[in-house]
Structure formats: C-alpha cells, structure tokens
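An overview of the molecular structure
So the chains spell out like this:
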Amino acid sequence: MTAKQSTSKAILPNKALAKPLAVVGIGASAGGLEAITAFLSAVPNNSGLAFVVVQHLNPNHKGALPELLQRVTPLAVSQVEDGMTLEPNRVYVIPPNRDLSLQNNTFLLLEPAVAHGLHLPIDTFFRALADDQHNRSVGVILSGMGSDGTLGLSAIKEQAGVAFVQEPATAQFDSMPRSAIDAGLADVVAPAEALPQQIIDYLTYMSTSTAAQQTELSENDRRGIAKVTTLLNVHTGHDFSLYKKNTLHRRIERRMGLHKLPKIVDYVRFLQQNPQEIKLLFNELLIGVTRFFRDPGVWEQLKSEIIPALLEQYPRGAVLRAWIPACSTGEEAYSVAITFRETLDALSLDAHYSLQIFATDLDPDAIDRARTGIYPASIATDVSEQRLRRYFVIEEDSFKVSKGIREMVIFAPQNLIMDPPFTKLDLITCRNLLIYFEADLQKKVLQLFHYSLNPNGILLLGTSETVGAATTVYDELSTNNRIYQRKSSYSDPSLVDFPARFAHSDVNPRGSSGTPPASSTSVNLQSLTDQLLVQQFSPAAVLTTQQGDIVYISGKTGKYLEPAAGKANLNVFAMAREGLSSSLNATFSRAVRQQTTGVIESQKVGTNGGSQQVRVTVQPLTEPPALDSMVLITFTDLPTLSADKLSGASLSGTQGDTEQANLALELELELEQAQEELKITREEMQISQEELKSTNEELQSTNEELQSTNEELTTSKEEMQSMNEELQTVNQELQVKLDELTLASDDMKNLLNSTSIATLFLDQDLNVRRFTNQTKELFKLIPADAGRPITDLASDLDYGDLEQDANNVLDTLIFKERQVQSHDGHWYRMRIMPYRTQNNRIDGVVITFVDISSVKALELSQIEAIEVLQHEIIDQAQELGLAKELELKLRQVQTKLEKRLQQR
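Anyway, here's the lowdown on the structure attached to this text. Keep in mind that what you see is a predicted model, and the values were worked out from it rather than measured.

1. Considering the pattern of salt bridges
One side chain can pair with another of opposite charge once the charged atoms of both are near each other. Under the defined criterion, the tally for this structure stands at 25 salt bridges. When the shortest N-O distance is used, the salt bridge between K303 and E342 registers 3.5 Å. Of this pair, K303 sits in helix 12 (residues 296–312) while E342 sits in helix 13 (residues 331–347), placing them 39 residues apart in sequence. The exposure class assigned to K303 is partly exposed, which follows from its relative accessible area of 29%. You can call E342 buried: its relative accessible area is 12%. Overlapping salt bridges bring together R127, R291 and D382 as one network.

2. Remarks on the nonpolar core
Side chains of a nonpolar character, in soluble globular proteins, are inclined to be buried together. Counting residues in hydrophobic clusters, the biggest one holds 79 residues, and the most contacted among them are I26, F39, V140, L142, L459 and Y474. If you tally residues by element for this core, the top one is helix 7 (residues 195–212), at seven residues. With residues near it in sequence (within four places) discarded, F39 still touches V24, I26, F51, V140, L142, A192, L195, P196 and I199. Membership of the second largest hydrophobic core comes to 46 residues, among which are L310, L320, F340 and A370.

3. Here we look at the sheet that holds strand 12 (residues 374–376)
Read across the sheet, three strands follow the order 12-14-13 without closing on themselves; strand pairing throughout is antiparallel. Each of the sheet's edge strands pairs with one partner strand only, and the pair in question is strand 12 and strand 13 (392–395). Neighbour-to-neighbour, the strand axes of the sheet open up by a mean angle of 35°, direction not taken into account. Across four bridges, strand 13 lies against strand 14 (residues 398–401) in antiparallel orientation. Of the residues in strand 14, the one forming a bridge with F392 is V401.

4. Focus on the packing of helix 8 (residues 219–236) against helix 10 (residues 264–273)
Their axes nearest at 9 Å, the elements helix 8 and helix 10 cross at an angle of 15°. By the angle class used here, helix 8 and helix 10 are roughly parallel. Between helix 8 and helix 10 lies a crossing whose hand is left-handed. Of the residues in helix 10, those touching helix 8 at N220, D221, G224, I225, K227, V228 and L231 are I264, Y267, V268, L271 and Q272. Considering only residue class, the contact of helix 8 with helix 10 consists of seven nonpolar, three polar and two charged.

5. Points about the sheet that holds strand 15 (residues 409–413)
Two pairing modes exist for strands in a sheet, parallel and antiparallel, and in both the strands are linked by backbone hydrogen bonds. The seven strands are arranged 15-11-10-16-17-19-18 in an open sheet whose pairing can be described as mixed. Lying at the two open borders of the sheet, with one neighbouring strand each, are strand 15 and strand 18 (474–478). Across the sheet, the mean angle from the axis of one strand to that of its neighbour is 20°, orientation sign disregarded. Bridge count for strand 10 (residues 318–324) against strand 16 (residues 425–430) is two bridges, and the pairing is parallel. In the strand pairing of strand 16, A322 is matched with L427.

6. Observations concerning the packing of aromatic side chains
For the structure shown, the criterion picks out 18 aromatic pairs. Between Y267 and F270 the ring centres are 6.5 Å apart and the planes differ by 20°, which places this aromatic pair in the stacked class. Separated by three residues within a single helix, Y267 and F270 lie in helix 10, roughly one turn from each other. Residue classification places F270 among the partly exposed positions, given a relative accessible area of 21%. Between the aromatic rings of Y334 and Y375, the centroid separation amounts to 6.2 Å while the plane-to-plane angle is 80°, which identifies the pairing as edge-to-face.

7. A word on the packing of helix 4 (residues 121–133) against helix 5 (residues 150–158)
Put simply, helix 4 and helix 5 touch, their axes get as near as 7 Å, and they point 5° apart. Between helix 4 and helix 5, the crossing angle belongs to the class labelled roughly parallel. Taken together, the residues of helix 5 that come into contact with helix 4 (itself represented by D123, F126, R127, L129 and A130) are T150, L151, G152, L153, A155 and I156. When the residues that make up the contact of helix 4 with helix 5 are grouped by side-chain class, the tally is seven nonpolar, two polar and two charged.

8. Side note on the environment of T681
With respect to the helices, strands and loops of the structure, T681 is situated in helix 22 (residues 655–754). Measuring from C-alpha to C-alpha, the distance between T681 and S583 comes to 9.0 Å, with 98 residues separating the pair along the chain.

9. Some remarks on helix 23 (residues 802–812)
Among all positions in helix 23, only L802, D805, A806, V809 and L810 are buried. Burial along helix 23 is one-sided: seen end-on, the buried residues are contained in an arc of 140°. Projecting away from the buried face of helix 23 at angles above 90 degrees are the exposed residues Q804 and D811. If you follow the buried residues of helix 23, they end up packed against strand 27 (816–821), strand 28 (827–836) and strand 29 (842–851). Phi turns positive, to about 65°, at L813, one or two residues after helix 23.

10. Structural notes on unusual backbone geometry
In this model, E623 is joined to P624 through a cis peptide bond whose omega is -5°. Examined against the element boundaries, P624 turns out to sit in the loop between strand 23 (610–620) and strand 24 (631–637). At S328, a residue that is not glycine, the phi angle is positive and equals roughly 55°. Within the fold, S328 resides in the loop between strand 10 and helix 13. Positive phi, normally seen in glycine, also occurs at L813, with a value near 65°.

11. Points about the environment of D426
Inspection of the secondary structure puts D426 in strand 16. Using a relative accessible area of 4% as the deciding quantity, one classes D426 as buried. Placed 59 residues apart in sequence, D426 and Q485 show a C-alpha to C-alpha distance of 9.8 Å. Ignoring any residue separated from it by four or fewer positions in sequence, one finds D426 in contact with L310, Y314, L320, R321, L453, N454, G457 and I458. Among the polar contacts made by the side chain of D426, one reaches the side chain of Y314 at a distance of 2.7 Å.

12. Some thoughts on the side chain of S478
With respect to the helices, strands and loops of the structure, S478 is situated in strand 18. A residue is classified by how much of its surface remains accessible, and S478, at 8% relative accessible area, is buried. Separated by 3.1 Å, the side chains of S478 and Q301 make a polar contact.

Conventions and cut-offs
- Residues numbered from 1 in each chain as written.
- Predicted model: local features only at pLDDT ≥ 70, side-chain atom pairs only at ≥ 80, totals over all residues.
- Heavy atoms only, no water.
- Salt bridge = Lys/Arg side-chain N within 4 Å of Asp/Glu carboxyl O.
- Helix = DSSP H or I, 4+ residues; strand = E, 2+ residues; numbered from the N terminus.
- Buried < 20%, exposed > 50% of the residue type's maximum accessible area, 1.4 Å probe, protein only.
- Core = buried A, V, L, I, M, F, W, Y, C linked by side-chain atoms within 4.5 Å.
- Contact = heavy atoms within 4.5 Å.
- Pairing = 2+ DSSP bridges.
- Axes fitted to C-alpha atoms, helices over the stretch in contact; angles between N-to-C directions.
- Parallel < 35°, antiparallel > 145°, perpendicular 65-115°, else oblique.
- Left-handed = near helix turned anticlockwise from the far one by under 90°.
- Nonpolar A, V, L, I, M, F, W, Y, C, P; charged D, E, K, R; others polar.
- Phe/Tyr/Trp six-rings, centres within 6.5 Å; stacked < 30°, edge-to-face > 60°.
- Arc of directions from axis to C-beta.
- Polar contact = N/O pair within 3.5 Å; in protein donor to acceptor, adjacent residues only side chain to side chain.

The analysis is restricted to geometry; functional conclusions fall outside its scope.
Given below as structure tokens:
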C-alpha cells in the first residue's frame, strides 16, 4: 500500500461508505486540463471523497474530458447524468452546455442561465454545493481565465466550508486563482498536485474533531477561546468575547485543522509565536460573505413598499440617511443605492429626494475594496442585465459601480460595539450579523439601532434573525423578510453603552470575593520596606513618554538631570547635564525606533564642580499594559577609573608618572566615548538619510496628489463660475417677475378703489386678509388689522348675522346677497361669495358692499306718491259709491308694487 493510500485510511472506515465524507468541487477553465490531471493523479483511490469537475466546455462539441481523466486516476470517472446520486471515491464531470446543481446528494442538470454572454458554471455549482453539503463542502480553484468561482467560494465559506486554490505561479492561467486570493477567500494556496493531501489532512482532523465534539464546550475549550479572544483584542483592538462561543470554536477549529494542531492550547501557543496567524484568524471571524441583491424578495418589498413609505413622510423632498453595518466589500450598500434610485424612477416624484448611505465594517481591507467599487464579472449571476448596463461600467474583465451610485455611499471602518453610531437615520440594513452575537450583545445592538433611527425608521435584518425581546420598541412589517419599524415612543431607561476594552473581566474587585484584603499593618510594613530598598539599592530612574517628557521620577536624579534655564521644561533631553545630552538623545531615539534596550557605557557626566562616570540604560516598555509605549531610563554610578587604575601605578612610579597615567586614562576614556558617539552619529545619519529619502518620495507623491487636487479645484472653480452666471441670470428673471407682480398688484388695488365698492377679503377662519379703502367707512379697519378675526372689529352696520352667513357660504359654496343698513341711515347691497384660487381651491370669502342709499330713497318717494294717489282715488270712488271695491283693488296693486320694489 502506498503512503497516500495509508493516509486516506484515517478518513475511510473499513466498511464501505454509503455517501461521501465530503464533496470536493473542482473549478477550472483555460489551461485547466493540466491542473486537473495533476490534482487527480495525487488523489488516493480510497479517500472517501467525491470529486466534481466543473470546467468551461465548448457547448457544441461532445465532451472528451471523462476519458482523458480516467487515464490519470484509478477512481471511476463518469459524466454527470440528471438524477445521478453521489458516491464516494468517484470523479464526476459536468456535461457540455449544462449547469450543474446538487440537492440531497443528487445531481440536477439545468439549461445554462446565460447572463449577458457570460456562462458561469463554477459559481452556479459551488453555490448549490454549499447549500446542499454545508460544512462538508470543499471548493478548489485551478487554472483559468476570468473570475468564475470566486462568488461560489464565498458561498462555501459562508456555510463553514473550506477553500483551496492553486498557487498562481504554477497555473498556466492565473486569473481565476488570483481572483479568489485577492478576495481573501483562499484557506490554502499550493500547487495543484499538493492540494489533495492538504484536503485529506484537513478533513481527517475535522472528522476526528467532529466525532469527539460534545454538545457543550468543555471548560478547557472555553478557557482556550478566552485566551484566543484576548490575543485578538490585544493585537487588533477588537473584542470578540461576546460572540457566540460555538461559532468562535468552529472557526478556530478550521484554523487548527489547516495547521494540524490537535488541541486549542497548541493553537494558542501557535498564535503567540505567529502574529500573522492572528490576522488570518481575525479575517476568518469577520465572515465577510455577501453578494448583490441577496434574498430577492427583500429587495422587491423594499422597492415597492418600504422606500415609498419613507418618502411619504417627506412630501416636500429630503435627504434620507441609511446605515449598513458590517457592509463587507460593499455589495449590500450598492444594492440599497440602486434600489433607491429605481424606486425614485418608478414613482416619478416632483419633489427632490436623495439618499446618503454610511457603510461600515471592521475589516479595513474589505472597506478598501468596497471603496474601489470594482467587482468580478461573475456578479452577472446576481445583477440583471438592465442594472449592469445602467449602474455599472465595464472595465476589462470586471464591472465598476457608476459614479452616480458610488457618490451615494460613504465607506468607513468602524467597530459596531466600540465606536459611536450614526444617528438620525431612516434605514438600517444589518443582515446576518446578529446571529454571531451572544444574547446580551444582540440586545445592546438592537437598543443602539433604536437610538440611531428616526421615529418610524426601518430596520432590515437577515432572514435568520429577529429582534427577539425588543418587540416593545419595534413593529414587525414583514415576518418573512425580517423588516421592522422603530416605534416612536420608548420608555426603557437603560442606556446603550459598550466597553472600550474587555467586556468581561475574570479579575474580581478587591474585597468582592476570594482572598481577603491584607491588614493595614502588613501593607504599611511592605510599603516601608519597599521604600527602603528603593532608596538604598535601586538606581535613579525616570519614566518618560516616547517624546522624552518625564511623567515619573524614582530616586535622586539631580546628579544627571537639572532644570533648564527659562520656562519650565520637563523634557529629559532639555534637563540632561553636560556630557549626557547628545549620547542620551541618540540612544533614546534608536531604542524607541527599534524597540530594543539601549545602553550607554561609562558616560562622563559633569556634576557640580566635578564629573561622574555613569551607565545609562534606555528601555522601551510594553508591559504591563498601563505602561505600554512608555520608556524607562535608569542611571547607575560607576567607580572613578583614576582611583582604581592609579592604585597600582603609585607603587611603582613617581607622582609625575601617576598624573601622566591618570591623564592618559582619561584621554583614552574620552576617545572611546568620542568613537562611540561618532558611531552612533553615523548610524543616525544613515537612518536620517533613509527617512529623508522616504519622506522625499512621500512628498513627491503628495505633490502629485496636490497637483491633481489643484486641477480638480480649477475645474470646480470653473463650474462655480458657470453656476454663478446661471444664478445671476435666474436672479434677473426673478427680479423681472417681481416687478411685474408689483405692477399687477398696484393695478388691482387701483381698480378696486376706483369702483367705489367696499370689498373685504376673509380667509377660511374669517380673519381679515385684505380690504379696500371704502371698507373703512363700514368697519373700523387699519392696515395692522390684517390677520384679525372680523368678529373682533367694530362695525357701523346694523347687521349681526355676518359671521353666520359667511360660514354658510363656506359650507355650501352658494353666494348670499342681502340689503343691510348702517347706523347713519345708509343702505348697502351686501354680497358674500367664495374665494376661489387658481388651483380651484376655496380659501375664504369675498364680501362686497354697494351703496344703494339713493335707490332706497327713490323707492320711498315712489311709495309715498302711490299712497297720495291711492287716497285721491278712494276719495273720488266714495263720491261715486265704489269705495270698498276700489280700495281692495288698490291695496292689491300696492302690494305688487312693493314686492317689485323690494326685488329691485
């Protein structure tokens, strides 16, 4: 038995398997045959796995790939037929001109869903593989052109599957492998022939781990997870302690399987020794899986119901605000922007609306990719052809989001738990994030979203998420699509606060539990003893910042430091005594830059009237955390060289020889110091030259950016000038319109005054809106009375039903006409008519008063003349004996005349 076959026994039991332990999807395109044969030739014949090869094939030719592959592998190779069942230790090949799906370990052949000329069978199968096999799915990307398979690997990773990618340098065409690697989806990158063993080793570990997995995490696992989250917090600044432990454990197990580490304790040690693995684990935990228009039903409801309802709240137009936490590489944010734009186009609203989207994520690399707005051609499976034409621009083998959509979104890195939220929002889209949080953290995040949303704002969650117990603050608008609306009132007094560091601490506060506090006597003894030890044996030292500012002094440092003349300055370089400043500055800078301890040996420092040999140690601190980024400088006195060296010289020479020896030793010491300082100076000069070179390059780059910015500003200036000219033109047009309106107003005022008809304009509440000069004779009106109710004004009319008649006209829209008399005896014909605007809307009443006093006097004179004539006729009738009959007829005629006069 070969080595490869013996390795596979760790996976495959002695008895035959009913179904594969895992399904390995292999995607390849141009140049893929060589890579596929290299891969399958390295697969043992008893691995227990099923392999499905998906390659871009010519739809018009019969496929010969199964026969070619059968020559290089002992596994049975067959072309997929509709309804075929997966079996272990077999290789399945996709037929030409078909898409391949998988359901319940059964293959389904579909007509190819060609989108815009792009056929993406690898993405199609990988997605089906992820949905059917979940964490038993394995995706392999080999040589090929384009980016087919990248989105499929994303779906596999979402289901806790694993992704293996051929090393681009070994691929005949590296576009597909490089696309998967650039997207951050590759778990293992290796040559094609090395990938099978990597897959088997990983699955061996995972199968063993799964078999031994308990329903609940053991105490050792919990402690290991706590250590891992602590390391992540220290190195990345992000706290994962409130994430679901089972999710963390699964992700950690995946990394352990890739490194073949049996215990979580071993993985913690591996993390401590390999900081790069911390970054990889951090990216693994972020689970940056997304795509355009995920869950189509959600977007349809958003377009048809939710966004129109939001727009109805602002009938005069507005700038709506949306927030997409955990936006990953931006597909969700751009989907919201496109949906909003399509909604506006469908509604054809007169008012101006726009949407400002804030998209944030923990992963700065994902944010950088989102900002570019460039996506692989494989997004064509999720984005319709119409949307691609309208909202994207084709760039080589990719699609770039159009400028109009890009300008709607602002991307920024943000920690949802630790950083301040956005506020006054109309929409929050946070899908498939809460499922990774513990219940307490879910509650706090939902409270945070409630605080951020405007009243009646919309919260959109993933299809597997709910607001849980937060139904008191959210109304459910859609159960299937998980759409919620913020309630306008909220009485919960609890505040939303998130810790800046570790959410839980295992360290009990003193006196809470555990070891009781020490007695005051022991504390005092310890303190006194520590003080004595510091005074007698500890060297003088100062604690400074990385800029040299002193924050703490220990011991007596007066022999080495002294206050500088002038304004008080606690910088250690300004306070260093003669002979110490230059060497201390150089050593300090090197120690801080290289994060290593620097030592100055036998430095001669000038004291008051003498000198002292000193050893100076500069130590950058990283622990404890409270002293992180601090620097500790210690001063240690050395014995005077002349006293030690001259003891022997005085026994064998004269006093002159002793002085010469002393002088020679001092000169030798000074020479050594000068050489050391010269060496340090040279090193500093070299470093400075490198830094200056780097700075020069940065300045050149900055200069280019400034030139580009200057060009943009010049363009903006020209646009502003053009806009200013347009505004001046519009202003002139408005001024002409204003003059015309003023003239028309004057004409109307003169017309009304020239008619000698008192006219009163009232609004719907019967408040005075306008009146003519003649109206002042009937009502005590002044210009300041505009806006006052007519009932509050004194009137000369002997008429108390004016308010009632005006309200009747407003209600019935039927004009009313009456004759009214003033207190001075004048008569007026009053007419009340509805005030109708140009939009055919009733906005008050118009009351006119026409003086009919002369007409009324004529009527009275006519009546008197008739009465005189009547008496004369009656007198003559009495003489003739016809008085009674004639009187009756005259009275009838008189009644008719009076009625006619009244009608006039």
